[in-house]
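Chain by chain, the residues:
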Amino acid sequence: MSASSRTLEVAVPSQLESTEAQGTSAAEPARPGPIEHAVADQNLYLIGRPTLKKFLRYVQRHAVNPTAQGTLADQWQAAKEVVRSLEREEAGVADDPPRGKMGPEYDPLLIEFLRDPLVRHGFNTVPTEVALVELDRLVVSQKHIDLTFVRQLESKLGPAPSREQIFRFCLPFDHPQPPVKWRRVRGDKYVFVSPSNDLRFLGVMPLEPSHIKDYRSPGNLVGVVGIAVGFSSNFLNAIYAENRLVLNNGNHRAYALRSLGVTHAPCIIQHVSSRDELDLVAASAVRSDPDLYLKHPRPMMLKDYFNPKLHKVVPVHRRVRQVSVRFEAEENYAPAL
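Read on for a plain summary of the structure. Keep in mind it's a predicted model, so treat the numbers as computed, not measured.

Rules used in this analysis
Residues numbered from 1 in each chain as written. Predicted model: local features only at pLDDT ≥ 70, side-chain atom pairs only at ≥ 80, totals over all residues. Heavy atoms only, no water. Salt bridge = Lys/Arg side-chain N within 4 Å of Asp/Glu carboxyl O. Helix = DSSP H or I, 4+ residues; strand = E, 2+ residues; numbered from the N terminus. Buried < 20%, exposed > 50% of the residue type's maximum accessible area, 1.4 Å probe, protein only. Pairing = 2+ DSSP bridges. Axes fitted to C-alpha atoms, helices over the stretch in contact; angles between N-to-C directions. Contact = heavy atoms within 4.5 Å.

## Describing the pattern of salt bridges
Step number 1: Evaluated as defined, the whole model comprises 17 salt bridges.
Step number 2: Across the pair Arg163 and Glu105 runs a salt bridge, and its minimum N-O distance is 4.0 Å. Highlighted residues: Arg163 in helix 6 (residues 163–170) and Glu105 in the loop between strand 3 (99–100) and helix 3 (107–114), separated in sequence by 58 residues.
Step number 3: Of the charged contacts, one joins Glu112 and Arg168 as a salt bridge, the two residues approaching to 3.6 Å between their closest N and O atoms. One end of the pair, Glu112, is in helix 3; the other, Arg168, is in helix 6, with 56 residues separating them in the sequence.
Step number 4: Residue Glu112 is classed as partly exposed on the basis of its relative accessible area, which comes to 37%.
Step number 5: When salt bridges that share partners are traced, they join Arg49, Glu90, Arg298, Lys303 and Asp304 into one network.

Below, the structure is given as structure tokens:
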């Protein structure tokens, strides 16, 4: 069995987090709908820290009208100088970020949130807490922000959200499902497509026949291997490791809150005591280069998204997320024991 995911540039409506579940049943996967006229989104990309080569490649691949490479290189070099200054002036600013306790006014919301099966089953690998975090002090690994999606989030939240609205925005427990379509494209391959960037391969699920209901079996089942595709919990989630808070999920939510003037927000925090535990729960970018986020004197931080000297806004082609899964089965004989 193999699984792969990628983002395709196609023309579809921008509904990264639809409030209406539009999924289809496993028995009758839906056929992809007709492609509409292309629309551009606005993406904010951090410059000066990702390499110049990665920045140029990103613009070349995704921009509707790519800027000349010489101009892009000049912009990147200017941002690099700002980064060097921050490394001197703000060295250690990411260390020892405060974590505020949730007051008793949050108790009803916390009780409901902690009952969520996604919390109980998805955040039980390392010690976990829910706390208030200072958004500007969060270390980030995501280099770009979809500003079109952010505007959708802001419109849902409103200009002056209440404490309860902010909590439910950061730690939702209703889990509305974004639109998704999937189908079998050949005997051993299935393809899932969604406008949500959160669509992903969730792993393999060993199932017993008793777990399968209301589905006509092609034979007498003895076991089922499920190849799971879906969406993550989508909580505002950070990892506390080596005295730093690294944003693990919810970059767009954090950006939307900060742009509305919210400075502190509820966050589910996973406490990591070793690099081995970090490998279990961190995003791939952090796993591949942990020192960049945990040891660098001035790593990328959420507040850098709002520094006009450190980012470039690029009109990009609208894209959809595609996850493909493929399985393989063998039948043969082995010597009897």
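## Details of the sheet that holds strand 2 (residues 40–46)
Step number 1: Taken together, three strands build an open sheet; the order of strands is 5-2-13 and the sheet is antiparallel. With partners counted over all chains shown, the strands left at the sheet margins are strand 5 (144–146) and strand 13 (311–317), one partner each. Here the strands of the sheet are splayed against their neighbours by 30° on average, with no regard to which way each runs.
Step number 2: Note that strand 2 and strand 5 share three bridges and pair antiparallel. If you follow Tyr45 over to strand 5, its bridge partner there is His144.
Step number 3: Across the sheet, helix 1 (residues 52–62) touches strand 2, strand 5 and strand 13, and the angle it forms with strand 13 is around 30°.

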